[in-house]
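Chains, contacts and geometry: an overview
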Amino acid sequence: AAACSTGEIVYDMLKLLGIEIDYSIAVAMYTGIVADTASFRFPNTNERAFDISSEMIKTGVKPFDVSDYLFGDYRIGRLKLLNHTLDSLEISPDGHVSMMVVTKDMLRETGTGPEDSKGLISYALHIKDVEVAALIREEGPCFYHVSLRSNNHYDVAAFSLKFGGGGHKNAAGFQIQTTLPKLKAILWDMATQITPV
């Protein structure tokens with residue numbers, strides 16, 4: 001079965017190489033699994049993710065500490081960035097695709113960096129009836145990074161591959177050089193290209 005997180009792949013590699021998983025490795029692996037599965041909420045989350053996580057907890061990892069680190073400590077700048085990003089929210093006419101934008105001006109105005117946009121896409125994905133969410137992050141003049149997330153059985157990795165990106169079925173991304181209006185048009189068109197698999 002396909003791995004649902006990079007942590008699962010790293011776990012298999014460490015076992016294959018005979019490397020002992022100590023506390024620091026366990027924390028990193030558990031953190032990776034929680035982040036990649038959106039706290040075990042993505043539909044591709046598998047039984048192995050729970051098995052490996054359980055093993056990491058037995059090594060001494062404290063789930064509360066990891067969750068608090070990932071989701072519980074918001075600086076004021078990040079909250080302001082979230083506010084700006086939510087203001088950019090657009091939803092397709094059929095209600096199944098949502099899109100948000102993070103610009104360099106937003107980062108500058110809120111005193112944040114690209115890393116502070118991590119996880120913001122979840123707000124766009126967890127809107128009722130939304131199946132696919134896109135977060136566009138401006139990286140330079142006419143240069144953007146696009147993160148895609150999907151619910152249920154929509155394969156965003158296949159779409160990302162068309163633009164040289166990758167990922168897995170429910171979480172993928174790509175970079176593209178174009179204008180923002182043209183990029184938005186591409187992503188709105190995505191709504192007609194992505195079909196359940």
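Here the structure is a predicted model, which is why all the values come from computation and not from measurement. (Residues numbered from 1 in each chain as written. Predicted model: local features only at pLDDT ≥ 70, side-chain atom pairs only at ≥ 80, totals over all residues. Heavy atoms only, no water.)

**Some points on the sheet that holds strand β6 (residues 171–177)**
- Pairing is mixed in the open sheet, where six strands are placed in the order β1-β2-β3-β4-β6-β5. The sheet terminates laterally at β1 (90–91) and β5 (166–168), the two strands that pair on one side only.
- The sheet contact formed by strand β4 (residues 143–150) and β6 spans seven bridges and is antiparallel. From the neighbouring strand, R149 faces β6, where its bridge partner is A171.
- Against the sheet, helix α5 (residues 76–87) contacts β2 (97–102) and β3 (132–140), and its axis sits at roughly 130° relative to β2. (Pairing = 2+ DSSP bridges. Helix = DSSP H or I, 4+ residues; strand = E, 2+ residues; numbered from the N terminus. Contact = heavy atoms within 4.5 Å. Axes fitted to C-alpha atoms, helices over the stretch in contact; angles between N-to-C directions.)

**A few points about the layout of surface pockets**
- Estimated volume of the largest pocket: approximately 1,100 Å³.
- Lining the largest pocket are 37 residues, with A35, R78, K118, G119 and L120 positioned closest to its centre.
- If you list the elements that add at least two residues to the lining of the largest pocket, you get α2 (23–36), α4 (63–71), α7 (121–125), β3, β4, β5 and β6.
- A per-class count over the lining of the largest pocket returns 17 nonpolar, 10 polar and 10 charged. (1 Å grid on protein atoms, 1.4 Å probe; cavity = no way out; pocket = protein on both sides within 12 Å on 5 of 7 lines; lining within 4 Å. Points joined across faces, edges and corners; volume = space filled by probe spheres on them. Nonpolar A, V, L, I, M, F, W, Y, C, P; charged D, E, K, R; others polar.)

**Details of unusual backbone geometry**
- One non-glycine residue, D129, lies in positive phi territory at about 80°.
- For D129, the position within the fold is in the loop between α7 and β3.
- A residue is classified by how much of its surface remains accessible, and D129, at 47% relative accessible area, is partly exposed.
- If you check the backbone angles, C142 has positive phi at about 55° while not being a glycine.
- Within the secondary structure, C142 is located in the loop between β3 and β4.
- By relative accessible area, C142 is classed as partly exposed at 37%. (Buried < 20%, exposed > 50% of the residue type's maximum accessible area, 1.4 Å probe, protein only.)

**Here we look at the packing of helix α1 (residues 6–17) against helix α3 (residues 47–58)**
- Interaxial distance between α1 and α3 falls to 10 Å at its minimum, and their mutual angle equals 65°. The crossing of α1 and α3 is left-handed. Along its contact with α1, which presents E8, Y11, D12 and K15, the element α3 presents R48, A49, I52, E55 and M56.
- A per-class count over the contact of α1 with α3 returns four nonpolar, no polar and five charged. (Left-handed = near helix turned anticlockwise from the far one by under 90°.)

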